[in-house]
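Spelled out, the chains give:
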Amino acid sequence: MASTPIASKIIPKAARVPIDPAQIEYTSNRQKNAVEALINEFTIYPQLLQDIKANFMEGMNKGLKKDGETMAMVTSYVMGRLDGSEVGSYLALDVGGTNLRVVAVHLTGGGEITTRQTKYRIDERLKVGDAKALFDFMAVCVDSFLDEHQITVRGDTQFELGFTFSFPVLQTSINRGTLITWTKGFNAAGMVGKDPVAYLQDAFNRRHLPVRVAALVNDTVGTLLAHAYNHPDTCMGVILGTGCNGAYIEKIENITKWKGDASAEEMIINMEFGAFDKERVILPLTMFDNKMDRKSVNPNKQILEKMIAGMYLGEITRNILLNLIDRRLLFEGNISPDLNQMWTFETAYMSTIEADGSATLHATRKILESTLNFSSTTINDRQIVKLVVQLVGKRAARLSAAAIAGVLEHTGAWKQKAAIGIDGSLFEYYPSFNTDIMDGLEEVFGPVVRQNVSIGLAQDGSGVGAALCALLAAKHSN
Ligand code: ADP
Ligand code: MG
């Protein structure tokens, strides 16, 4: 149970070294035609970007009017904004990934944050066993974390804790909700329909821990808040990692389905935008997307997410490469047993290939020959692979831009200074992802958007953001 402090993140400098299809020396006209067809299918031309944005805005409005729409537009119960002057110490518990994390967040004011965190491994048996045992384990982790870091409370006060529980939850208050379904390999008995906060609070109480679960937090909402602490004009938080989703600040009067407290002016909405266009009316899905979707654990769901997020881009690329191989347009029709396996083409390889600017494309060659065990490749093969990767990666970034543009136009935020915080390895490591997004925004709003809107890497939305959510919850209830 090693303690692993969060390193401060900076946006890496790796940029795409683009390949121009006109520079490729095609081996045949058939190959050239096949590549041109792919370019046509995968390019989000400016008019299509505008149309997707318009359709996305309609989807937002539908979800704000009533429950059960394609984009859920979940009311987060987080009201009020941060200005960076907030001070205090809070705890965050992050459950939903491979590891469980406990984070102590100390806000020093002036936008400064210090954190201490420890990761704990969740035993596979606990994930699918008795729910009470799982939540008792969470309480044990918090208990040993407080011990390890010698953190105590004064008198009979309590720690306020933000609970990032990254599973689909129907939220009913800032610290109440019901689990809709388990995902990601968790399946603890009897939890669906129950309130994870109540389970966690009971587990804390059984151990007599002075901890109150103040907020139940979605990672997009946490990302928005974490970014807002350093950038008070933050209007949106986005996740571009394994999956994709976003949250933004909405005026209460626009949330027509909202029946709760109307005294506050605005609330953060968790859009669940990965579900956009379930109806398949606007997104330019290809046979390569459909092939991947059919084999996924959730066919026909999360259609936009599947065209954008890190979990899927490599698999879409693999499907295109296999198709070219089967038509004897790539690798002389030779396959590699590795590439024949689903999900073997990792999205991280795409980052390496995009950044490969060498004349021989030697980084690309290394992935194909050393990692994927192709017996040999030609420069023509490697150029085609690089172009395919570029098409899939750029499409993902431009679709992200369409979604972000939808929010900026809906809120009018592009007209003034506004910041967007983005968390996730895809955004952090994929070459030129941020540039492609900004280019897309400029197509929609013109050059002014570059002066007004900044996009930055948010720090730890599920740790720092959850702590800030606990702070806002405490502030709002006082
Ligand atoms: P999570 O979304 O689960 O919190 P991350 O933000 O780390 O986790 O995102 C993980 C996803 O990012 C994986 O799907 C992986 O494919 C993708 N990824 C990891 N490294 C890279 C990279 N270097 N370039 C592009 N994508 C990456
Ligand atoms: Mg994450």
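Above this text sits the structure in question.
Residues numbered from 1 in each chain as written. Chains lettered and ligands numbered in written order. Predicted model: local features only at pLDDT ≥ 70, side-chain atom pairs only at ≥ 80, totals over all residues. Heavy atoms only, no water.

Asker: Honestly, the sheet that holds strand 12 (residues 418-423) in this entry has me stumped. Any pointers?
Answerer: Within a sheet, each strand pairs with its neighbour through backbone hydrogen bonds, oriented either parallel or antiparallel. Ordered by their spatial adjacency, 6 strands build an open sheet running 1-11-10-9-12-13, and the pairing between neighbours is mixed. Because the sheet does not close on itself, it has two edges, and the strands there are strand 1 (74-79) and strand 13 (453-457). Each adjacent strand pair in this sheet contributes to an overall mean axis angle of 25°, direction not counted. Bridging between strand 9 (residues 234-240) and strand 12 involves 5 bridges; their strand directions are parallel. Each bridged residue has a counterpart across the sheet, and for Gly237 the counterpart in strand 12 is Gly421. (Pairing = 2+ DSSP bridges. Helix = DSSP H or I, 4+ residues; strand = E, 2+ residues; numbered from the N terminus. Axes fitted to C-alpha atoms, helices over the stretch in contact; angles between N-to-C directions.)

Asker: Whenever I open this one, the packing of aromatic side chains confuses me. Can you help?
Answerer: Aromatic rings considered in pairs are described by the distance between their centres and by the relative angle of their planes. Tallied over the entire structure, the rule returns 16 aromatic pairs. Ring centres 5.7 Å apart and planes at 75° place the aromatic pair Phe56 and Phe273 in the edge-to-face group. Here Phe56, found in helix 2 (residues 46-65), pairs with Phe273, found in the loop between strand 11 (266-270) and helix 7 (287-295); they are 217 residues apart in sequence, far enough to count as distant. Of the two residues, Phe56 and Phe273, neither departs from the other in class, the shared state being buried. When the ring of Trp414 is compared with that of Phe445, the centres are 4.8 Å apart and the planes differ by 25°; the resulting orientation is stacked. Of the two residues, Trp414 sits in the loop between helix 13 (379-411) and strand 12 while Phe445 sits in helix 15 (residues 433-445), which places them 31 residues apart along the sequence. Across the pair, Phe445 and Trp414 agree in class, each one buried. Here a set of aromatic residues connected by ring pairs shows up, and it is made of Phe163, Phe165, Phe167, Trp182 and Phe186. (Phe/Tyr/Trp six-rings, centres within 6.5 Å; stacked < 30°, edge-to-face > 60°. Buried < 20%, exposed > 50% of the residue type's maximum accessible area, 1.4 Å probe, protein only.)

Asker: What exactly am I supposed to notice about the pattern of salt bridges here?
Answerer: For side chains bearing opposite charge, pairing can occur when the charged atoms are close. Under the criterion given, the structure shown has 23 salt bridges. The partner of Arg125 in a salt bridge is Asp123, with the nearest N and O atoms 3.1 Å apart. Exposure remark for Arg125: the relative accessible area of 65% places this residue in the exposed category. Between Glu442 and Arg450 there is a salt bridge, with its nearest N and O atoms 2.6 Å apart. When salt bridges that share partners are traced, they join Arg16, Glu354 and Asp436 into one network. (Salt bridge = Lys/Arg side-chain N within 4 Å of Asp/Glu carboxyl O.)

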